[in-house]
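# Structural features, examined
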Amino acid sequence: AQTVTQSQPEMSVQEAETVTLSCTYDTSESDYYLFWYKQPPSRQMILVIRQEAYKQQNATENRFSVNFQKAAKSFSLKISDSQLGDAAMYFCAYRSTSGSEKLVFGKGMKLTVNP
Amino acid sequence: GAGVSQTPSNKVTEKGKYVELRCDPISGHTALYWYRQSLGQGPEFLIYFQGTGAADDSGLPNDRFFAVRPEGSVSTLKIQRTERGDSAVYLCASRPGTGNTGELFFGEGSRLTVL
């Protein structure tokens, strides 16, 4: 079974600075999706960025980018120019491209942004 | 609707009672998921519907949990003989049936507290 590990339960960053959130996963599959979701106090999970494993190019979405290392099974999220609104829980998630449709989530990491 | 709607937002019940949680997905989304998020944890998969049928119910913890989606739109998660360990946020998510990028659209969840 696939597992997702987020080893840092909490991080903080100064406004306008850059922060990197780490995630590792375990799978025997060669093709899959990886996601970073953000969960503010409203509880609604919001997609931040998505990576398809067959693509070598790292995904980027405005201030958010990933460092996808397939051989190392590592998927870190970099947030540039951090804003107060970035403060939230961040979850890394895995989904197979075949078979199971379910997302497997890590335990999450709480990001605090200091003004 | 504009987003995934879940009711009630909060539910407090007594041990042994029956509870229903409702999810109204984004209009036209054929796939619907239920997740459970315990305090300090990432969401855990419960069940996935494609249309009216449960395509994967492998995450339901025991036979006290049941979910239906009779017309392929609204879904109800039913919990019988509630236990204190059932206390959690229950998240619902949906996605379109075609153009499957793996992204799920989540509601704000229903927080269940069992006293």
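In what follows, the accompanying structure is described.

Residues and elements named next belong to chain B. Position of Arg36 among the secondary structure elements: in strand 4 (residues 31-37). Summary of buried charges: Arg36 has no salt-bridge partner, and the nearest side chain of opposite charge, Asp86, is 4.1 Å away. The contact partners of Arg36, leaving out residues within four places of it in the chain, are Gly42, Pro43, Glu44, Leu46, Pro61, Phe65, Gly85, Asp86, Ala88, Val89 and Tyr90.

Let us now look at the interface of chain B and chain A. Between chain B and chain A, the residue contacts involve 27 residues of the former and 19 residues of the latter. When chain B packs against chain A, the two sides together hide about 1800 Å² of surface, and 48% of this comes from carbon and sulfur. On the surface where chain B and chain A come into contact, there are one salt bridge. Among the salt bridges present, the one from B:Arg95 reaches A:Glu101, with a minimum N-O distance of 2.7 Å. One can count nine residue pairs in polar contact (both at pLDDT 80 or more) joining chain B with chain A. Where the side of chain B that touches chain A is concerned, the elements lending two or more residues are strand 4, strand 5 (44-50), strand 9 (88-95) and strand 11 (110-114) of chain B. Here the side of chain B that touches chain A is built from residues that sort into nine nonpolar, 13 polar and five charged.

A few words now on the nonpolar core. In terms of nonpolar packing, the biggest core is built from 27 residues, with A:Trp36, A:Leu77 and A:Tyr90 touching the most fellow members. For this core, the secondary structure elements donating two or more residues are strand 3 (19-21), strand 5 (32-39), strand 6 (46-52), strand 8 (64-69), strand 9 (74-79), strand 10 (88-96) and strand 12 (109-114) of chain A. For this core, the element with the highest residue contribution is strand 10 of chain A, accounting for four residues. If we skip the residues at most four places from it in the chain, A:Leu77 touches A:Val19, A:Thr20, A:Leu21, A:Trp36, A:Val48, A:Ile49, A:Phe64, A:Ser65, A:Val66 and A:Tyr90. In this structure, B:Trp34, B:Phe49, B:Ala67 and B:Val114 belong to the second largest nonpolar core, which totals 20 residues.

What counts, and at which threshold
Residues numbered from 1 in each chain as written. Chains lettered and ligands numbered in written order. Predicted model: local features only at pLDDT ≥ 70, side-chain atom pairs only at ≥ 80, totals over all residues. Heavy atoms only, no water. Helix = DSSP H or I, 4+ residues; strand = E, 2+ residues; numbered from the N terminus. Buried < 20%, exposed > 50% of the residue type's maximum accessible area, 1.4 Å probe, protein only. Lys, Arg positive; Asp, Glu negative; His and termini not counted. Salt bridge = Lys/Arg side-chain N within 4 Å of Asp/Glu carboxyl O. Contact = heavy atoms within 4.5 Å. Buried area = accessible area lost by both parts, 1.4 Å probe. Polar contact = N/O pair within 3.5 Å; in protein donor to acceptor, adjacent residues only side chain to side chain. Nonpolar A, V, L, I, M, F, W, Y, C, P; charged D, E, K, R; others polar. Core = buried A, V, L, I, M, F, W, Y, C linked by side-chain atoms within 4.5 Å.

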